[in-house]
Amino acid sequence: MGPGPSNPYPEVIEAFTRPVMGHLDGEFLGLLDETCDRLRAVFRTGNALTFPVSGTGSAGMEAAFVNVISDGDTVVVGVNGVFGERMCDVAGRCGANVVRVDAEWGTPLDPQRILDAHPDPAVIAVVHAETSTGVRNDLAELGSAKGDALLLADCVTSLGGIDVRVDDWGVDIAYSGTQKCLGVPPGLAPISVSARAVERLHCRPSSWYFDMGMIANYVSGAGARAYHHTAPISMIYALHAGLGVVLDEGLEAAHARHRVCGETLQAGLEARGFTLLAPAGARLPQLTSVRVPEWRLPTNTSEADIRRTLLDCYGIEIGGGLGALAGKCWRIGCMGHTARTRNVTLVLAALDEVLASD
């Protein structure tokens, strides 16, 4: 139930038992092509350059920035949590002139403030689902008014859990992670790049490993395959299986399952007197941030002690606050296979027991 890796789907566990093929084996390349097709369906895009980056979500972030930012480019970044801060760091390392648009952590970004921050940015970057606060930021308004800028979106915690519409929203580069709502262990970063963003890819970005021009030749099914790197075969098996589970269930049904779990959990917490961090209307169903109920903590017990008791005695892992929210909030994830109402019932009952008065 934590904000990190969720329990994988059973089909994913089974996928890891498959014999490992060579990374240029024709059978594996066919499975890779199918995996990319499934990613297009989940991202809701027709982007040809859609594939799993060999690395975690942070690798997806770096690949997204390093391929389209030149030294001195202006990049507007919306910041209302840890991962918006990380976007600023990565963009700055690429030589960008970073223009921050800050909002209080726990509140959504104002799209108009982002659009007004600079008259002609090269890139506008926003975290769709801020993992550190449980807040959803709007992408559609940014996409409709971005002008010549590329819209770059972090969808690590949103893909598979809430609606993500890369094409309809005008998102040019979207990256995600496997370990959240896709129900796959960490290790890959799905990414999708629009045709207009492909036109702006650097011929020789500062990173060789994340050079999307070279990688495109490897993942593309058109013509001869160009070797770029040794793909993590078993992780591709797992992602292929996890995407299959999500698509078999149906995106709308998967989103609805996450929504029901999130709303049930949030209602249960509020009924117990807890204060939710994110405002109604901007709360993520798959990740709930709640302020630490210090008034409910047993004597001589810290919030970290409660989280350790939940893990040791109930097998429930919830995350602590990050950055400015460290020690001040808990982050409870209902993602992927763990997004089940029975798990919500267990979490609420365990909190009742652990936080019982002395």
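## Comments concerning the pairing of strand S7 (residues 150-154)
Inference 1: Counting buried residues along S7, 5 of its 5 residues qualify, which places the element largely inside the surrounding structure.
Inference 2: Burial along S7 is two-sided: Leu150, Leu152 and Asp154 facing one way and Leu151 and Ala153 facing the other are all buried.
Inference 3: Examined bridge by bridge, strand S4 (residues 123-127) and S7 share 5 bridges and lie parallel to one another. Its bridge partner being in S7, Val123 is matched across the sheet by Leu150.
Inference 4: Pairing geometry for S7 and strand S8 (residues 173-175), over 3 bridges, is parallel. Looking at S8, one finds that Asp154 is bridged to Tyr175.

## Brief notes about the sheet that holds strand S3 (residues 97-102)
Inference 1: In space, the 7 strands of this open sheet follow the order S1-S9-S8-S7-S4-S2-S3, with mixed pairing throughout. The sheet is open, and its two borders are formed by strand S1 (49-54) and S3, each paired with just one other strand. Recorded for the sheet is a direction-independent mean angle of 20 degrees between the axes of neighbouring strands.
Inference 2: Running over the sheet, helix H4 (residues 82-93) touches strand S2 (74-79), S3, S4, S7 and S8 and is turned about 165 degrees from S2.

## Let's talk about the nonpolar core
Inference 1: Grouped together as the largest cluster of nonpolar side chains are 94 residues, with contacts concentrated most on Phe28, Phe51, Phe65, Ile69, Met87, Leu152 and Ile191.
Inference 2: Among the elements that line this core, the one with the most residues is helix H9 (residues 233-249), at 10 residues.
Inference 3: When neighbours within four sequence positions are excluded, Ile191 is seen to be in contact with Phe43, Leu49, Thr50, Phe51, Val53, Gly60, Ala63, Ala64, Ile173, Ala174, Tyr175 and Met212.
Inference 4: One finds Leu269, Leu310, Trp330 and Cys334 within the second-largest nonpolar core, a separate group that totals 23 residues.

## Concerning the environment of Ala15
Inference 1: With respect to the secondary-structure elements, Ala15 resides in helix H1 (residues 10-15).
Inference 2: The exposure class of Ala15 is buried, given its relative accessible area of 7%.
Inference 3: When the C-alpha positions of Ala15 and Leu239 are compared, they lie 8.8 Å apart, and in sequence the two are 224 residues distant.
Inference 4: Discounting residues that sit within four places of it in the chain, Ala15 has contacts with Tyr237, Ala238 and Ala241.

## Thoughts on the packing of aromatic side chains
Inference 1: With the rule as written, the count across this model stands at 1 aromatic pair.
Inference 2: Centroid distance Tyr209 to Phe210: 5.1 Å. Interplanar angle 65 degrees. Geometry classified as edge-to-face.
Inference 3: Judged by relative accessible area, Tyr209 falls into the partly exposed class, the value being 35%.
Inference 4: Residue classification places Phe210 among the buried residues on the basis of a relative accessible area of 10%.
Inference 5: Directly above the ring of Tyr237 sits Arg18, whose terminal nitrogen or CZ lies 4.5 Å from the centroid.

## A short note on helix H2 (residues 26-43)
Inference 1: Along its 18 residues, H2 runs 26 Å from first to last C-alpha, staying within 8% of the 26 Å computed at 1.5 Å per residue.
Inference 2: Taken together, the buried residues of H2 touch S1, S8, strand S9 (188-193), helix H8 (212-219), H9 and helix H10 (251-271).
Inference 3: For H2, the capping residue at the N-terminal end is Asp25, with a side-chain oxygen 2.7 Å from the backbone nitrogen of Glu27.
Inference 4: Arg44 lies just past H2 and shows a positive phi near 55 degrees.

## Structural notes on the side chain of Glu130
Inference 1: For Glu130, the location among the structural elements is in strand S5 (residues 129-130).
Inference 2: For the buried Glu130, no salt bridge exists, and the shortest N-O distance to an oppositely charged side chain is 7.3 Å, to Arg331.
Inference 3: Only 3.3 Å separates the side chain of Glu130 from the backbone nitrogen of Phe83, close enough to count as a polar contact.
Inference 4: Setting aside residues no more than four positions away along its own chain, Glu130 makes contact with Asn80, Gly81, Val82, Phe83, Gly84, Val135 and Leu284.

## Brief notes about the sheet that holds strand S12 (residues 329-333)
Inference 1: Taking strand neighbours across the sheet as the criterion, the 3 strands line up as S10-S12-S11 in an open arrangement whose pairing is antiparallel. Each edge of the sheet is formed by a strand with only one pairing partner; in this case those strands are strand S10 (287-291) and strand S11 (319-320).
Inference 2: Two strands pair when backbone bridges link them, and S11 and S12 are joined in this way by 2 bridges, in the antiparallel orientation. What sits directly across from Gly319, in S12, is Arg331.

Here is what the cut-offs are and how they apply
Residues numbered from 1 in each chain as written. Predicted model: local features only at pLDDT ≥ 70, side-chain atom pairs only at ≥ 80, totals over all residues. Heavy atoms only, no water. Buried < 20%, exposed > 50% of the residue type's maximum accessible area, 1.4 Å probe, protein only. Helix = DSSP H or I, 4+ residues; strand = E, 2+ residues; numbered from the N terminus. Pairing = 2+ DSSP bridges. Axes fitted to C-alpha atoms, helices over the stretch in contact; angles between N-to-C directions. Contact = heavy atoms within 4.5 Å. Core = buried A, V, L, I, M, F, W, Y, C linked by side-chain atoms within 4.5 Å. Phe/Tyr/Trp six-rings, centres within 6.5 Å; stacked < 30°, edge-to-face > 60°. Lys NZ or Arg CZ within 6 Å of the ring centre and 35° of its normal. Expected span 1.5 Å × (residues − 1). Polar contact = N/O pair within 3.5 Å; in protein donor to acceptor, adjacent residues only side chain to side chain. Lys, Arg positive; Asp, Glu negative; His and termini not counted. Salt bridge = Lys/Arg side-chain N within 4 Å of Asp/Glu carboxyl O.

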